[in-house]
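Listed below, chain by chain, are the residues.
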Amino acid sequence: MHAFLKDIVPAAQNNINTRFIILDKARSTSSPSATSGKSCIALAADETASVHIQLWGDECDAFEAGDIVKLTNGIFSYVRNSGLLLRAGKRGKMEKVGEFAVAFVETPNVSEIQWSPDPENPKRYIQSGVVSAYSRIFPPLP
């Protein structure tokens, strides 16, 4: 069973299983502190929402726009200087399961939502506002 992107919330746990299509990918950047050497950000979506995903090392070359990807044990959390990103993390796994044939929407983008601790359960987060309906990294085409 996979989660829809509209239903994911920030957490420091690798427990997100989902499927999405990669819509766009930014150029890879090298990081001397990263053990994998490079990373890149991509815009991904399913039929309910879109999200920014982070690809590390070989993942940057393994996936392209149009690829349908299955994420197992992923994590959605804040990454310094990049905002909220969905990624495989150390325990997760991303694998290509197809190309081009999936319905998707670009809004809302769950990476562009402000999240605050839930006053009734500080280990959970709730939506507190929307920064932008669309990705600010990958603006919609005119």
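Under an unreviewed UniProt entry, the name given to the protein is SOSS complex subunit B homolog, and the source organism is Brassica carinata.

Caption draft 1: Structural view of the nonpolar core. The biggest cluster of nonpolar side chains holds 24 residues, and the ones touching the most others in it are Phe20, Val51, Ile53, Phe76 and Leu86. Elements with a contribution of two residues or more to this core: strand 1 (16–25), strand 3 (38–45), strand 4 (50–56), strand 5 (67–79), strand 6 (83–87) and strand 8 (113–118). Leave out the neighbours within four places in its chain, and Phe76 touches Ile8, Val9, Pro10, Ala11, Ile16, Val51, Leu84, Leu85, Leu86, Val110, Ser111 and Trp115.

Caption draft 2: Focus on the pairing of strand 8. As defined by bridge partners, strand 8 adjoins strand 9 (residues 121–130) across six bridges and the pair is classed as antiparallel. Each residue of the ladder has a partner; that of Asp118, found in strand 9, is Asn121. Counted between consecutive antiparallel strands, the loop separating strand 8 from strand 9 contains two residues.

Caption draft 3: Representation of the pattern of salt bridges. Applying the stated criterion to the full structure yields six salt bridges. Here Asp7 ties to Lys6 by a salt bridge, and the two come within 3.0 Å at their closest N and O atoms. Asp7 gets classed as partly exposed once you look at its relative accessible area, which sits at 45%. Glu99 is the salt-bridge partner of Lys96, the closest N and O atoms lying 2.7 Å from each other. Residue classification places Glu99 among the partly exposed residues on the basis of a relative accessible area of 46%.

Caption draft 4: Spotlight on the environment of Asn14. Tracing the sequence through the fold places Asn14 in the segment before strand 1. Taking the C-alpha atoms as reference, Asn14 lies 9.2 Å from Arg87; in sequence the two are 73 residues apart.

Caption draft 5: Seen up close, the confidence of the model for the protein. For the protein, the average pLDDT comes to 80, and 83% of its residues sit at 70 or higher. When the elements of the protein are averaged for pLDDT, strand 2 (residues 29–30) gives the smallest value, 64, and strand 1 the largest, 90.

Conventions used here
- Residues numbered from 1 in each chain as written.
- Predicted model: local features only at pLDDT ≥ 70, side-chain atom pairs only at ≥ 80, totals over all residues.
- Heavy atoms only, no water.
- Core = buried A, V, L, I, M, F, W, Y, C linked by side-chain atoms within 4.5 Å.
- Buried < 20%, exposed > 50% of the residue type's maximum accessible area, 1.4 Å probe, protein only.
- Helix = DSSP H or I, 4+ residues; strand = E, 2+ residues; numbered from the N terminus.
- Contact = heavy atoms within 4.5 Å.
- Pairing = 2+ DSSP bridges.
- Salt bridge = Lys/Arg side-chain N within 4 Å of Asp/Glu carboxyl O.
- pLDDT = per-residue confidence, 0-100.

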